[in-house]
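Single-letter residue listing:
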Amino acid sequence: MPVKPLVILPDPVLRQVSKPVERVDTEVRKLAGDMLDTMYDAPGIGLAAIQVGLPLRMLVIDLSHEDEPRAPQIFINPEILSSSDERNVHEEGCLSIPDYYAEVERPAAIRVGFIDAEGERREIDAEGLLATCLQHEVDHLNGVLFIDHISRLKRDMVVKKFRKLARDKAPNRLVG
């Protein structure tokens, strides 16, 4: 399945709120496969559809280690149903904000409702890295980035850096 290009900060697409997937069909399952291939190629452990330019409430995750068999998980229309009062801090990164990492505090455990790739409604309890990853990816579906959870000063510095990188990559415009 084809690897899709990633949307990179400061692209405003990343701030869009994604729309629910209306039905799970062959096209949605193919998109999930493409998203997994894109995530593995990057490499990463989670990817939301908006990160490949599609504002759909869909994400993929695989927390397996390199020496383990792949364990892809597909979440369609995920919704955080509850979260613990206990908090955890994890260092987070993002395929849409390459090579930048920061510690983010989030609920330590969550319960998530979603539709699986077969169209079945499911709920799971997640803690640790899975809870962090799910919250990070669900944030993407709501137009929120992990840098929104760090100090404004650090966030402004990151955004400024990525705006400059985007300008530097843009083709020169000559006035004639």
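Residues numbered from 1 in each chain as written. Predicted model: local features only at pLDDT ≥ 70, side-chain atom pairs only at ≥ 80, totals over all residues. Heavy atoms only, no water.

The protein carries the name Peptide deformylase in an unreviewed UniProt entry, which gives Aquibium pacificus as its organism. What the UniProt record of the protein gives under Sequence similarities (unreviewed entry) is the line "Belongs to the polypeptide deformylase family." Comment text from UniProt for the protein, heading Catalytic activity (unreviewed entry), reads "N-terminal N-formyl-L-methionyl-[peptide] + H2O = N-terminal L-methionyl-[peptide] + formate". (UniProt positions renumbered as here; feature names shortened; annotations may be inferred.)

### With respect to helix α3 (residues 152-169)
An ideal rise of 1.5 Å per residue puts 26 Å on 18 residues; α3 measures up with 26 Å between its terminal C-alpha atoms. For α3, every residue scored as buried is listed here: R155, V158, V159 and F162. Seen along its axis, α3 keeps its buried residues to an arc of 95°; they face one direction. Turned more than 90 degrees off the buried face of α3, the exposed positions are L153, M157, K160, R167 and D168. Residues of α3 that are buried make contact with β5 (97-107). (Helix = DSSP H or I, 4+ residues; strand = E, 2+ residues; numbered from the N terminus. Expected span 1.5 Å × (residues − 1). Buried < 20%, exposed > 50% of the residue type's maximum accessible area, 1.4 Å probe, protein only. Arc of directions from axis to C-beta. Contact = heavy atoms within 4.5 Å.)

### Regarding the sheet that holds strand β7 (residues 121-127)
Picture the strands of a sheet paired through backbone hydrogen bonds; they go either parallel or antiparallel. Spatially, the 5 strands line up as an open sheet ordered β1-β2-β3-β6-β7, and their pairing is antiparallel. Where the open sheet ends on each side, the last strands, each with one partner, are β1 (46-48) and β7. If you compare each strand with its neighbour and ignore which way they point, the axes differ by 40° on average. When strand β6 (residues 109-115) meets β7, the two strands line up antiparallel, connected through 7 bridges. From the neighbouring strand, R111 faces β7, where its bridge partner is D125. Contacts from helix α1 (residues 26-41) reach β1, β2 (58-61) and β3 (73-83) within the one sheet, and its direction differs from that of β2 by about 45°. Strands β1, β2, β3, β6 and β7 of the sheet are contacted by helix α2 (residues 128-141), whose axis makes an angle of about 120° with β7. (Pairing = 2+ DSSP bridges. Axes fitted to C-alpha atoms, helices over the stretch in contact; angles between N-to-C directions.)

### What about the UniProt feature "active site" (unreviewed entry) in the protein?
UniProt records the feature "active site" (unreviewed entry) for E137 in the present numbering. By the secondary structure assignment, E137 is in helix α2. With residues near it in sequence (within four places) discarded, E137 still touches G46, L47, A48, Q51 and L59.

### Some details on the nonpolar core
By size, the foremost hydrophobic cluster in this structure holds 31 residues, and its most contacted members are L9, I97, Y100, L134, F146 and I147. For this core, the secondary structure elements donating two or more residues are β2, β5, β6, α2 and α3. Ranked by the residues each element gives to this core, the list is headed by α2, at 6 residues. For I97, the contacting residues outside a window of four places in its chain are L9, L145, F146, I147, V158 and F162. Core analysis: the next-biggest nonpolar cluster, separate from the first, contains 15 residues, A32, M39, V52 and L95 among them. (Core = buried A, V, L, I, M, F, W, Y, C linked by side-chain atoms within 4.5 Å.)

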